[in-house]
Amino acid sequence: MFPMRVKRFVGKSMKEAVAQLKATFGDEAVILHTKRSRSGPFGLFGRPRVEIIAALDVAPKPTSPPVNSSELQLLQQELREVKGLLASQSKETGPWQSLYEELVAGEVDPKNAKDLLDKMTQVLPPLSPPEEAAAVLKEILAEEIRVVPPWNLAEGTRVVALVGPTGVGKTTTIAKIAANYALLAKRRVSLLTMDTYRIAAAEQLKTYAEIIGVPLEVVFTPQALREALERHKHSDLILIDTAGRSQHNKMHLAELKAFLDQAQPDEVHLVLSATTKTRDAMEIIDGFAAVLPLNRLIITKLDETSSYGMILNACRHLGQPLAYVTTGQSVPEDIEVADPNKIADLILGG
Ligand SMILES: Nc1nc2c(ncn2[C@@H]2O[C@H](COP(=O)(O)OP(=O)(O)OP(=O)(O)O)[C@@H](O)[C@H]2O)c(=O)[nH]1
Ligand SMILES: [Mg+2]
């Protein structure tokens, strides 16, 4: 019998458990068993928990045994073949081609998909079963989707502007947020709109404002926007609606910038529809980000698509957190605070 050390490692993720294993046993350990569970009552609500049982052979290393030179050559030859095989696999996505294809089928940009798989193989123990690989991939995917908690609006006034292309749901999303904060959270909410571009645009928000019971002002100039903000400075939350703009129309974007320069909002949310093609979403992000200080993303119309890779692509391209997703036309219910695990599930077709 060889003397062995066997030890259990527990972490919140596979990555964490493997890191502990490596810190204690180095790279020589053999994984005997892995298990995923949740802590807490019934294992239902607790934090995810990953357990690894690993063994380390602590037999003293043989000191220079006599080696037959032809045996050694054979061994070297075999080693070269194994190395060659590994190298040829790592050129593409190796044994995880099917996971790669799953991501790309979900419209994750191929570059992003390759990147996620690289990150996965870095933390995945060798010879892991496919289910383990899929679970680790989901964890990594969820980590890539940065989110922010909803505002608690405990102090000061939060000024938030929504911008984006036409028809993505900016006005509807403002109505949903306003209703949730005014009616459910009992906060003081004010609405301002500078959308005087489209006929009846202001009417649409005015109707919502009346139903929800919050004040609305329509402003026509950057100066008027600043004055309106001053009048509403006792509100907990001021939401600014803007006219939908094309990323190609530099004049319209400059006009929007002039308004936001006066407003100096705490947050500028770019609103994108989940039905937007990734390449267009990237162009929209570049066009708006070149002019406006975007610092949040909202993705609408999750109910109108069945491939969600665009959400990851947009989050990574903008490099700012996702605040909300919306899932239908009903005000106020069809809005959710973004949940990375849920989005990772959607992207992986769960
Ligand atoms: N299916 C679905 N429809 C939505 C969602 N959010 C908004 N809509 C619909 O999208 C349409 C456009 O919504 P608006 O809120 O007017 O969009 P907007 O971005 O303000 O449009 P402009 O001001 O013209 O740029 C409306 O019919 C909304 O009901 C959503 O999450 N899912
Ligand atoms: Mg609108």
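Here is what the cut-offs are and how they apply
- Residues numbered from 1 in each chain as written.
- Chains lettered and ligands numbered in written order.
- Predicted model: local features only at pLDDT ≥ 70, side-chain atom pairs only at ≥ 80, totals over all residues.
- Core = buried A, V, L, I, M, F, W, Y, C linked by C-beta atoms within 7 Å.
- Buried ≥ 20, exposed ≤ 12 C-beta atoms within 10 Å, placed from the backbone.
- Helix = DSSP H or I, 4+ residues; strand = E, 2+ residues; numbered from the N terminus.
- Near = placed C-beta within 6 Å.
- Nonpolar A, V, L, I, M, F, W, Y, C, P; charged D, E, K, R; others polar.
- Pairing = 2+ DSSP bridges.
- Axes fitted to C-alpha atoms, helices over the stretch in contact; angles between N-to-C directions.
- Contact = placed C-beta atoms within 7 Å.
- Parallel < 35°, antiparallel > 145°, perpendicular 65-115°, else oblique.
- Left-handed = near helix turned anticlockwise from the far one by under 90°.
- Domains from an automatic or database assignment.

(A) Fine view of the nonpolar core. Counting residues in hydrophobic clusters, the biggest one holds 92 residues, and the most contacted among them are Ala178, Leu297, Ile299, Ile311 and Ala314. No other element matches the seven residues that helix 6 (residues 170-184) contributes to this core.

(B) Focus on the site of ligand 1. Surrounding ligand 1, one finds 21 residues, the nearest of these being Gly169, Thr171, Thr172, Gly244 and Thr326. Looking at the shell around ligand 1 element by element, the count peaks at three residues for helix 6. Across the shell around ligand 1, the residue classes tally to three nonpolar, 11 polar and seven charged.

(C) Structural context of the sheet that holds strand 10 (residues 322-326). Strand order in this open sheet of eight strands is 6-5-7-4-8-9-10-11, and the pairing throughout is mixed. Across the chains shown, the open sheet's two edge strands, defined by having one partner strand only, are strand 6 (216-218) and strand 11 (335-337). Neighbouring strand axes in the sheet, compared pairwise and without regard to direction, differ in orientation by 20 degrees on average. Here strand 4 (residues 158-163) runs beside strand 7 (residues 237-241); their pairing, made up of five bridges, is parallel. Bridging across to strand 7, Leu162 finds its partner in Asp241. Packed onto the sheet, helix 11 (residues 309-318) meets strand 8 (267-273), strand 9 (296-300) and strand 10 and runs at close to 165 degrees relative to strand 9.

(D) Just the sheet that holds strand 2 (residues 30-38), in detail. Reading across from one edge, 1-3-2 is the order of the three strands in this open sheet, with antiparallel pairing throughout. With partners counted over all chains shown, the strands left at the sheet margins are strand 1 (4-11) and strand 2, one partner each. In this sheet, neighbouring strand axes are inclined to one another by 15 degrees on average, regardless of whether the strands run parallel or antiparallel. Judged from the eight bridges that link them, strand 2 and strand 3 (residues 48-57) form a sheet pairing that is antiparallel. From the neighbouring strand, Lys35 faces strand 3, where its bridge partner is Glu51. Here helix 1 (residues 14-25) sits on the sheet in contact with strand 1 and strand 3, set at roughly 25 degrees to strand 3.

(E) Quick look at the packing of helix 4 (residues 110-123) against helix 5 (residues 130-144). Contact geometry for helix 4 and helix 5: axes closest at 9 Å, N-to-C directions at 120 degrees. Relative to helix 5, the element helix 4 lies oblique. Seen along the crossing, helix 4 lies across helix 5 with a hand that is right-handed. Two secondary-structure elements touch here, helix 4 through Leu116, Lys119, Met120 and Val123 and helix 5 through Ala133, Val136, Leu137, Ile140 and Leu141. Grouping the amino acids of the contact of helix 4 with helix 5 by side-chain chemistry returns eight nonpolar, no polar and one charged.

(F) The arrangement of the domain arrangement of the chain in detail. When cut into domains, the chain gives domain 1 (4-57), domain 2 (89-144) and domain 3 (158-347). Taken together, the seven residues of domain 1 in the interface contact six residues of domain 2. Listing elements by their share of the side of domain 1 that touches domain 2, those giving two or more residues are helix 1 and strand 2. Each residue belonging to the side of domain 1 that touches domain 2 can be placed in one class, and the counts come to three nonpolar, two polar and two charged.

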